[in-house]
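Listed here are the chains, written in short residue letters.
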Amino acid sequence: MTEFDAASAAVQAALDAGARYADARVMHRRYESMSARNGAIEELVQDESIGLGVRALVGSSWGFHAVPELSDAAARDAGRRAAAIAAASARVPGPPIDLVPTGAAVASWASSCRVDPLGVALSDKGDLLVGATATMREHGADLAEGLYQIWDTAKWFVSSEGHRIDQRIRECGGGISATSIGDSETQRRSYPSYRGQYGTTGWELVESLDLAAHAARIAEESRALLTAPECPAGETDLILGGEQLALQIHESVGHAIELDRILGWEAAFAGTSWLDLAQLGSLRYGSELMNVTIDPTIPGALGSFGFDDEGSPAVRRDAVREGRWVGVLAGRDSAAVAGLDYGGSVRADGWARLPMVRMTNVGLEPGPHTLDEIIAATDDGVLMDVNRSWSIDDKRLNFQFGCEIGWEVKNGRRGRMLRNPTYTGIGPLFWRSMDMLSAETVAWGTPNCGKGQPGQVGHTGHPAAPARFRDVRVGVRA
């Protein structure tokens, strides 16, 4: 059978078994990663899987079943089992669930890829990591590490409404890190971020990072941090680099605007949200500089696709406009429950996982400033960059983050390096204090967003640029 034949057979079997709606996804994924440590290859992982997952809707309940084969018998059995699971759940009456309309697309989509990452010789990829980690060791790092990861995913989607969509999404990225060990603490510097940079593109992304050119600098910075002064404690102006601001967006905006969390559907494990749907369209989330979009159409960003895993086309939407909360990340069922008319943000991390609301590319539109202008306009503050630790409550409201490196800012100039910089705040108060935002935007990729039971790992993108926040609590009080 073809992949479309298997998906169609599963959908028809679910309908024959009593489902009022059904869809099926066949996914074929190839994965490769390599890591190096201290000038030698440490691990090579290569994996491949294919299978089919079916959703069936009976009454107000979903059922899901997945199989690792594409025969007609296996596909039809999966459809029947999905419908049976839904019917069993529907014996306990719940609120009616409808699906917001979406056009029954018949389409193909593929991400842009100039250099096939799986086609690059393993020896070339290994030489890159070995060379960069050896350079970091030569420049003082006690532990030098490098990593790349590659995902090549093909999907075939069929629904009982007439969808027939195939997609091919190639993703890759990587990074390096240097760790220096002192008498009483350890310091780490990473490039280009604490887990590397990733995108929905080809090996040209890794080449553009030029890891080898940054290896000596981050090793020297990790060593210098061991003797740098501690980040002072108190309230001051905080300038965040773009990489750290991407994490700030992910944790205190992206997760908070997931509609399943707002509705309480994820409360048992992932948590809820401080946002109240009654305030959608009126709540002041941040300052007027805060314009956050949900945009899976950004070329090359890690949260980009042509269609989500419900067949909804990729569409750019506003989440926050001039500081006002106006949009959410939604699926067709959660949107219908909330009285909204759009979905488009549902994905699964594999064929054996139930699709759920996930971030796509959630990021800030560029501001009117540059980082140099922000520093020049700051009399007394701290510049922090590259995430080291994060902590935020279940409602995505109260947070505390640590960064790898900081710099004192005095009288409009960047000064001495600071170690162990941290800051804390409350989401809406923090975002309302943003008064300067750079135009130097990068679509940072996060390949490790966890959510769901069983756990799923999502790939998300976060366009971000340096920004300033006023009167933020930084450092740790004795």
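Structure's up top.
Cut-offs used in this document
Residues numbered from 1 in each chain as written. Predicted model: local features only at pLDDT ≥ 70, side-chain atom pairs only at ≥ 80, totals over all residues. Heavy atoms only, no water. Helix = DSSP H or I, 4+ residues; strand = E, 2+ residues; numbered from the N terminus. Buried < 20%, exposed > 50% of the residue type's maximum accessible area, 1.4 Å probe, protein only. Pairing = 2+ DSSP bridges. 1 Å grid on protein atoms, 1.4 Å probe; cavity = no way out; pocket = protein on both sides within 12 Å on 5 of 7 lines; lining within 4 Å. Points joined across faces, edges and corners; volume = space filled by probe spheres on them. Salt bridge = Lys/Arg side-chain N within 4 Å of Asp/Glu carboxyl O. Contact = heavy atoms within 4.5 Å. Expected span 1.5 Å × (residues − 1). Axes fitted to C-alpha atoms, helices over the stretch in contact; angles between N-to-C directions. Core = buried A, V, L, I, M, F, W, Y, C linked by side-chain atoms within 4.5 Å. Nonpolar A, V, L, I, M, F, W, Y, C, P; charged D, E, K, R; others polar.

Here's the deal with unusual backbone geometry
- The linkage connecting tyrosine 191 with the following residue, proline 192, adopts the cis geometry, with an omega of -5 degrees.
- When you line up the elements, proline 192 lands in the loop between strand 7 (186-191) and strand 8 (197-199).
- The omega angle of the peptide bond from glutamine 453 to proline 454 is -5 degrees, so this bond is cis rather than trans.
- Positionally, proline 454 belongs in the loop between strand 21 (442-451) and strand 22 (456-464).
- In the Ramachandran plot, glutamate 322 falls in the positive-phi region, its phi being about 50 degrees despite a non-glycine side chain.
- Looking at the secondary structure, you find glutamate 322 in the loop between strand 11 (317-321) and strand 12 (324-325).
- Phi at arginine 396 is positive, roughly 60 degrees, even though this residue is not glycine.
- Given the relative accessible area of 9%, arginine 396 is considered buried.

Examining the pairing of strand 7
- Sheet topology note: the strand 6 (residues 164-181)/strand 7 ladder contains six bridges and is antiparallel. Within strand 7, the position partnered with isoleucine 176 by the bridge is tyrosine 191.

As for the layout of surface pockets
- Roughly 760 Å³ of internal volume is contained in the largest pocket.
- If you go around the largest pocket, you meet 32 residues; those closest to its centre are Trp62, Trp265, Glu266, Asp333 and Leu354.

Quick word on the pattern of salt bridges
- Throughout the structure, instances matching the rule amount to 32 salt bridges.
- Put simply, arginine 419 and glutamate 230 hold a salt bridge, and the shortest N to O gap is 2.8 Å. Linking arginine 419 in the loop between strand 18 (413-418) and strand 19 (422-426) with glutamate 230 in the loop between helix 5 (211-225) and strand 9 (234-240), this pair joins segments that are 189 residues apart in sequence.
- Relative accessible area serves as the criterion here: at 41%, glutamate 230 is assigned to the partly exposed category.

Some thoughts on the side chain of serine 222
- Looking at the secondary structure, you find serine 222 in helix 5.
- Every residue in contact with serine 222, bar those within four places of it in the chain, is listed here: Ala178, Thr179, Ser180, Gln187, Arg188 and Arg189.

Observations regarding helix 5
- With 15 residues, helix 5 extends 21 Å between its outermost C-alpha atoms, agreeing within 8% with the 21 Å of an ideal straight helix rising 1.5 Å per residue.
- Looking only at helix 5, the buried set comprises Leu211, Ala215, Ala216, Ile218, Ala219, Glu221, Ser222 and Leu225.
- Buried positions along helix 5 lie against helix 3 (122-138), strand 6, strand 7, helix 4 (204-209), strand 17 (398-410) and strand 18.

Describing the sheet that holds strand 11
- Here we have four strands laid out as an open sheet, ordered 12-11-10-15, and antiparallel in their pairing. Among the strands making up the open sheet, the edge pair consists of strand 12 and strand 15 (362-364).
- Taken together, the two bridges between strand 11 and strand 12 define a ladder with antiparallel strand orientation. Its bridge partner lying in strand 12, arginine 321 is registered against arginine 324.
- Taken strand by strand, helix 6 (residues 242-254) contacts strand 10 (292-294) and strand 15, and its axis lies near 120 degrees from that of strand 15.

Digging into the nonpolar core
- Leu245, Ile257, Tyr285, Tyr423 and Trp431 are the most contacted members of the largest nonpolar core, which has 55 residues in total.
- In terms of residues, this core owes the most to one element, helix 6, which gives five residues.
- Formed by 26 residues, the second largest nonpolar core is a distinct cluster that contains Ala6, Ala14, Val67 and Ala78.

Re empty space enclosed by the protein
- For the structure on display, the rule yields two cavities of 30 Å³ or more.
- For the largest cavity, the calculated volume is near 130 Å³.
- Surrounding the largest cavity, 14 residues form its lining, Ser193, Tyr194, Glu243, Gly445 and Thr446 being those nearest its centre.
- Mapped onto the lining of the largest cavity, the elements with two or more residues apiece are helix 6 and strand 21.
- Of the residues forming the lining of the largest cavity, the biggest block, five residues, is contributed by strand 21.
- Size it by volume and the second largest cavity reaches roughly 60 Å³.
- If you trace the second largest cavity, you find it lined by Arg25, Lys155, Trp156, Phe157, Ile165, Gln167, Phe307, Asp308 and Asp309.
- Of all elements in the fold, only strand 5 (143-159) and strand 6 reach the threshold of two or more residues within the lining of the second largest cavity.
- Top element by residues in the lining of the second largest cavity is strand 5. It accounts for three residues.
- Considered class by class, the residues forming the lining of the second largest cavity number four nonpolar, one polar and four charged.

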